[in-house]
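Chain by chain, the residues run as shown.
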Amino acid sequence: MAVWALGINHTTAPLDLRGRFAFALDQIEPTLQGLRQSLGGTSRHPGVETAIISTCNRTEIYCATSTPGPALDHTLGWLAQSGGVSPALLRSHSYTLEDSLVARHAFRVASGLDSMVLGEAQILGQMKDAVRAAETAGALGTTLNQLFQRSFAVAKEVRTSTEIGAHSISMAAASVRLASQLFEDLSKIRVLFVGAGEMIELCATHFAAKNPKQIAIANRTLERGEKLATRFGGEVMRLADLPERLHEFDAVISCTASSLPIIGLGAVERALKKRRHRPMFMVDLAVPRDIEPEVKALGDVYLYTVDDLASVVQTAQANRQAAVAQAEAIIDAGVQSFMHWMELRSPVGEAGGVVPLIQQLNAQTDEWRALEIARAKKLLAKGEDVDAVLEALSRGLTQKMLHGTLAELRAGDAEVRAQTAQTVSRLFLRSQAKPPHGL
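Remember, it's a predicted structure, so these values are computed and weren't measured experimentally. (Residues numbered from 1 in each chain as written. Predicted model: local features only at pLDDT ≥ 70, side-chain atom pairs only at ≥ 80, totals over all residues. Heavy atoms only, no water.)

### Examining the side chain of Thr 143
In step 1: The topology assignment puts Thr 143 in helix α7 (residues 142–161).
In step 2: A relative accessible area of 7% means that Thr 143 is categorised as buried. (Helix = DSSP H or I, 4+ residues; strand = E, 2+ residues; numbered from the N terminus. Buried < 20%, exposed > 50% of the residue type's maximum accessible area, 1.4 Å probe, protein only.)

### Some thoughts on the environment of Val 191
In step 1: Summarising the element assignment, Val 191 is placed in strand β5 (residues 190–194).
In step 2: Classification of Val 191 by relative accessible area gives buried; the value is 0%.
In step 3: In the structure, Val 191 is positioned 25 residues away from Ala 216 in sequence and 6.4 Å away in space, judged by C-alpha atoms.
In step 4: In contact with Val 191, not counting residues within four places along its chain, are Phe 207, Pro 212, Gln 214, Ile 215, Ala 216, Phe 249, Ala 251 and Ile 253. (Contact = heavy atoms within 4.5 Å.)

### Focus on the confidence of the model for the protein
In step 1: In this model, the protein carries an average pLDDT of 86, and 90% of its residues clear a pLDDT of 70 or more.
In step 2: Within the protein, the lowest mean pLDDT, 77, falls on helix α16 (residues 414–428), and the highest, 97, falls on β5.
In step 3: Residue range residues 41–46 is modelled with pLDDT below 50. Its contacts to residues more than four positions away, or to other chains, number four contacts.
In step 4: Below pLDDT 50 for its whole length, residues 433–439 participates in two contacts with residues either more than four positions away or in separate chains. (pLDDT = per-residue confidence, 0-100.)

### Considering the packing of helix α5 (residues 100–110) against α7
In step 1: It is the contact of α5 with α7, at a shortest axis distance of 8 Å, that shows an interaxial angle of 45°. When the interaxial angle is binned, α5 and α7 end up oblique. Every pair of crossing elements has a handedness; the one defined by α5 and α7 is right-handed. Here α5 contributes Val 102, Ala 103, Ala 106, Phe 107 and Ala 110 to the contact with α7, which in turn contributes Leu 147, Arg 150, Ser 151, Val 154, Ala 155 and Arg 159.
In step 2: Counted by class, the contact of α5 with α7 contains eight nonpolar, one polar and two charged residues. (Axes fitted to C-alpha atoms, helices over the stretch in contact; angles between N-to-C directions. Parallel < 35°, antiparallel > 145°, perpendicular 65-115°, else oblique. Left-handed = near helix turned anticlockwise from the far one by under 90°. Nonpolar A, V, L, I, M, F, W, Y, C, P; charged D, E, K, R; others polar.)

### A word on the sheet that holds strand β8 (residues 251–254)
As a general point, the strands of a sheet are linked pairwise by backbone hydrogen bonds and lie either parallel or antiparallel.
In step 1: Pairing is parallel in the open sheet, where six strands are placed in the order β7-β6-β5-β8-β9-β10. Looking along the sheet, the strands with just one partner apiece sit at the ends: β7 (235–238) and β10 (301–305). Strand after strand, the sheet turns through a mean of 20° between neighbouring axes, direction not considered.
In step 2: Bridge count between β5 and β8: four bridges; the pairing is parallel. Considered in β8, the bridge of Leu 192 is made with Val 252.
In step 3: Most of the contacts of helix α8 (residues 171–182) go to strand β9 (residues 280–284), to which it runs at about 160°, and overall it touches β9 and β10. (Pairing = 2+ DSSP bridges.)

Below is the structure:
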């Protein structure tokens, strides 16, 4: 079996396109059954293994088949049809991976290294849900089960052995981290972004990864604001409407090119009154300031400036880089281990393919054992001496197991017999066999 994956994510496809291929958890089972039936109709081996991981940031199909090329192309067409787009469009926004690259990708996804917010832990739970859905659908075989179980083990080791989730590396990520300290669950808050430049886009990306209850973009130019709001599934509002709507939002992140503050002390005080003094989290990333500095003195407002966040970023940068390097080393080891497991299960004759041979050997020895036990039972039933029967049973097994070996030792020329003798000594006379030169 070969493993491969087809997917789109937040780095390859816009939100609207990702939305076309989003599968709710209760849709995974029937979708997998449909995909497997579709693949079974085009493959020589209908027992294909499949799993689908679908979140707001990615949709990925993992498969294990004996014919990855045709099955992969077929799956891309099937997925394109399910989303109502052309295969060419989907192909331009998707990625395909095979063998070790699949394992590396799955391990990085599970560990939070491929997420919008580096090191986030939510994806691990989503992957486990997807695997359970695949198991329920009967779509998860030995190969994919090993892939995902090893993904979870690698992710656990990354979380345990590194500080990948403990430090932020950008002001946007630092904003999310500080907000998490104030609000227990970011999925329950409403977030307002003021401005629509690169910094706001980056902040919105990080907050969107936490699936907040509402996202809104306030911008002077509606066209730019609408483009950003559409990307993150939010709404757009005019900057002039901000004072009257400020109270609706739990978190406000602002970064515009205004030369004067656009959020004044009075507007924040009125917003707090309407909120009955429920706390507000505010981040001012603008230079010069977007939010009047006096706002920081208000008891129910937690206001952070560029300088505040810079200190968080500076202390976290070195720690995060070290954590990523440690995580990648753990993932490398996990990939090597998985590929070794795959090689052992290759057909007899291919590099590393020993498991099928082991299975054949076990079957042959079981057959010999059954024959000798049956012969021994007949002798006992006739009243033969127990010790004599046991002696005959052991002798019969020994002869069967050594017959082929002894025949090989007697056959061939001197050079072949010498090579066979070395192998036999290594296999049967371990305590007497000489170690290889240099060991």
